[in-house]
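Residues per chain are reported as follows:
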Amino acid sequence: MTDIMLVNLPYLEELINLYPFFRDLPQPILLDSNHPHFNDTDCDILVADPLASLSADLTSSHLNIQWRDKPLLEVEPSLSVMESIESLINQACQQEWAQAADSTIPFTGGLVGYFGYDGGHFIETLPNTVSHDVNLPIIQAGLYGWSIISLHKSKQTFLMYTPWCDEEQVSAILSRHQRYQKNNATAQNKTQEAGIKPFLLKQPFQSNMSKQDYQQKFETVQDYIQAGDCYQVNLAQRFSSAYSGDTFDAYQSLRKSCPTPFSAYMEIDKLGSVLSHSPERFLQVNQGRVESKPIKGTRARGKTPAQDEALAKELLASTKDRAENLMIVDLLRNDMGRTCDTGSIKVPKLFALESYPNVHHLVSTVIGSIQEKDKHFNVFRHSFPGGSITGAPKIRAMQIIDELEPHERSVYCGSIAYFSLNGQMDSSITIRSLVADKENIHCWAGGGLVADSKCEEEFDETFTKVKRLTHTLETEFLN
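Source: prediction; values computed, not measured.

A. Up close: the pattern of salt bridges. If you walk through the whole model with that rule in mind, you get 28 salt bridges. Salt bridges sharing common partners tie together R299, E314, K320, D321, E324 and E458.

B. How the structure looks around helix α5 (residues 211-226). Its 16 residues give α5 an end-to-end C-alpha distance of 22 Å, which sits within 8% of 22 Å, the value for a rise of 1.5 Å per residue. Looking at α5, one finds that the buried residues are Y214, K217, F218, V221, Q222, Y224 and I225. Looking straight down α5, one finds that the buried residues subtend no more than 160° of arc, so they occupy a single side. Opposite the buried face of α5, at more than 90 degrees from it, the exposed residues are Q212, D223 and Q226.

C. Region of interest: the environment of D426. Mapping D426 onto the fold places it in strand β22 (residues 425-428). The spatial distance from the C-alpha of D426 to the C-alpha of Q156 is 19 Å, given a sequence separation of 270 residues.

D. Looking closely at the side chain of S415. Positionally, S415 belongs in strand β21 (residues 415-420). Residue classification places S415 among the buried residues on the basis of a relative accessible area of 0%. At 2.6 Å, the side chain of S415 and the backbone oxygen of S428 are in polar contact.

E. Up close: the layout of surface pockets. In this structure, the largest pocket encloses a volume near 940 Å³. For the lining of the largest pocket, the leading source of residues is strand β18 (residues 346-355), giving six residues. Per-class residue counts for the lining of the largest pocket are 21 nonpolar, 14 polar and 11 charged.

F. Just the pairing of strand β24 (residues 440-449), in detail. Most of β24 is tucked away, with nine of its 10 residues classed as buried. Of the strand pairs in this sheet, strand β12 (residues 232-244) and β24 are connected by 10 bridges, and their pairing is antiparallel. Paired with S240 across the bridge in β24 is H442. Two successive antiparallel strands, strand β23 (residues 433-437) and β24, enclose a turn made up of two residues, where K438 displays a positive phi of approximately 55°.

G. Summary view of empty space enclosed by the protein. Applying the stated rule across the entire model yields seven cavities of 30 Å³ or more. Here the largest cavity is characterised by a volume of approximately 210 Å³. If you trace the largest cavity, you find 23 residues lining it, with N234, K296, G446, G447 and K465 closest to the centre. Looking at the lining of the largest cavity element by element, the count peaks at five residues for β24. For the lining of the largest cavity, the residue count by class is six nonpolar, eight polar and nine charged. Considering only enclosed or pocket space, the second largest cavity measures out at about 120 Å³ in volume. Along its surface, the second largest cavity is lined by 15 residues, and Y117, D118, H121, I401 and D402 are the ones closest to its centre.

H. Spatial organisation of the packing of α5 against helix α11 (residues 455-477). Closest axis-to-axis distance for the α5/α11 pair is 10 Å, and the angle between their directions is 120°. Accordingly, the angle class assigned to the pair α5 and α11 is oblique. Here α5 runs over α11; the crossing is right-handed. Every residue of α11 that contacts α5 at K211, Y214, Q215 and F218 is listed here: C455, E456, E458 and F459. Taken together, the residues of the contact of α5 with α11 sort by class into four nonpolar, one polar and three charged.

I. Broad picture of the packing of helix α6 (residues 247-257) against α11. The contact between α6 and α11 brings their axes to 10 Å, and the two run at 125°. Comparing the axis directions of α6 and α11 gives the class oblique. Both α6 and α11 take part in a crossing whose hand is right-handed. From α6, D249, A250, S253, L254 and S257 reach across to α11, where they touch R468, L469, T472, L473, E476 and F477. Along the lines of polarity and charge, the residues of the contact of α6 with α11 split into five nonpolar, three polar and three charged.

Definitions and limits used
Residues numbered from 1 in each chain as written. Predicted model: local features only at pLDDT ≥ 70, side-chain atom pairs only at ≥ 80, totals over all residues. Heavy atoms only, no water. Salt bridge = Lys/Arg side-chain N within 4 Å of Asp/Glu carboxyl O. Helix = DSSP H or I, 4+ residues; strand = E, 2+ residues; numbered from the N terminus. Expected span 1.5 Å × (residues − 1). Buried < 20%, exposed > 50% of the residue type's maximum accessible area, 1.4 Å probe, protein only. Arc of directions from axis to C-beta. Polar contact = N/O pair within 3.5 Å; in protein donor to acceptor, adjacent residues only side chain to side chain. 1 Å grid on protein atoms, 1.4 Å probe; cavity = no way out; pocket = protein on both sides within 12 Å on 5 of 7 lines; lining within 4 Å. Points joined across faces, edges and corners; volume = space filled by probe spheres on them. Nonpolar A, V, L, I, M, F, W, Y, C, P; charged D, E, K, R; others polar. Pairing = 2+ DSSP bridges. Axes fitted to C-alpha atoms, helices over the stretch in contact; angles between N-to-C directions. Parallel < 35°, antiparallel > 145°, perpendicular 65-115°, else oblique. Left-handed = near helix turned anticlockwise from the far one by under 90°. Contact = heavy atoms within 4.5 Å.

What follows is the structure in structure tokens.
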């Protein structure tokens, strides 16, 4: 076989129902658009059993690459973490069959995984004084040779596999799909059949900051702003609990109560899992068009239609929120301008309203273009982490975040992404996301502080953002 192959399958609107039939394989990942609620994401992608597993943490300056069988690509050991990932992707993109791949297919093999917020240490020189108490790697990704993809607009589902897959592996994948069809089981039923203990939350979520702690940190940020160090700093709290059982139960419940376009569920072998319900796109590359959709500006949903409409109008008219949003738009224009074609950066939408079950958001759209299809990771690398969750200027804001936040952000405020060998790429900002680490589960919420921010409002906003996650789990699963 010398080409990428597609095997048509019956259309599956909810690819999440297929996930349990593949989760016993190494490093399964579901990129879940939560169709049909949103227009920004058209596809779901399921992968597992990578050709190579990639990970990195701050104890080493090099990327750890573990090949499933023999190495298919070579990476110079002297390269940095981000240089190694870029080298691996670029070599894969240069395969003759990858060069000939259909550019309209979202994923034709490639890299899928998460890049934690602290991955910024692999790009910039930053302080590192926070407590690192989450055992997951900072970066965890896999090089995948096959995927099952559902395209919702055209109502298609197919198995995609590359020349890196042999006939035996393809047959095994199709056999798993046939078992799903035969059983016609939901994900929940299949989980119970597998004998996995159901998810259980052992205590209510607790913040790593008291209200007094938050106020002191808020005042420090204001001092830095008045001194001219920065214009905006994103200050976040972490909420933690203890748990037992299957986090996939928790993901499914949150998916129902918090539908978002960039949901994802990842299991990291013997370490933990990531449950992401993000509404925010970081960067997308679609046939050379680069897009980012930063979120800045939030209001809670109203209890009545009239109150809800009033809150939405208040957000749209807010001078503070519009200024905060504009700062991040300018930051992203600068970041994307490092790698996009000269003169291609534009802002077709500024201060648009997007509404979710718990909040209204102010969202802008920044676009650019690139010519070479193996440059998508380069765009990502030079814009990471996203400016909407750091502040401006980015590096100084990240230094202040390290000074003020007591614990690492882990996957929070990083990105879940795929980098396809045909040049396509999409990625989220991992807000509204939880990290399950052995017996502990964490989620975070923050907001951009600017000169005219009010401490009480900013503190309350963090609870507004995280409440749908914590309340759902505490209501349904608290022991």
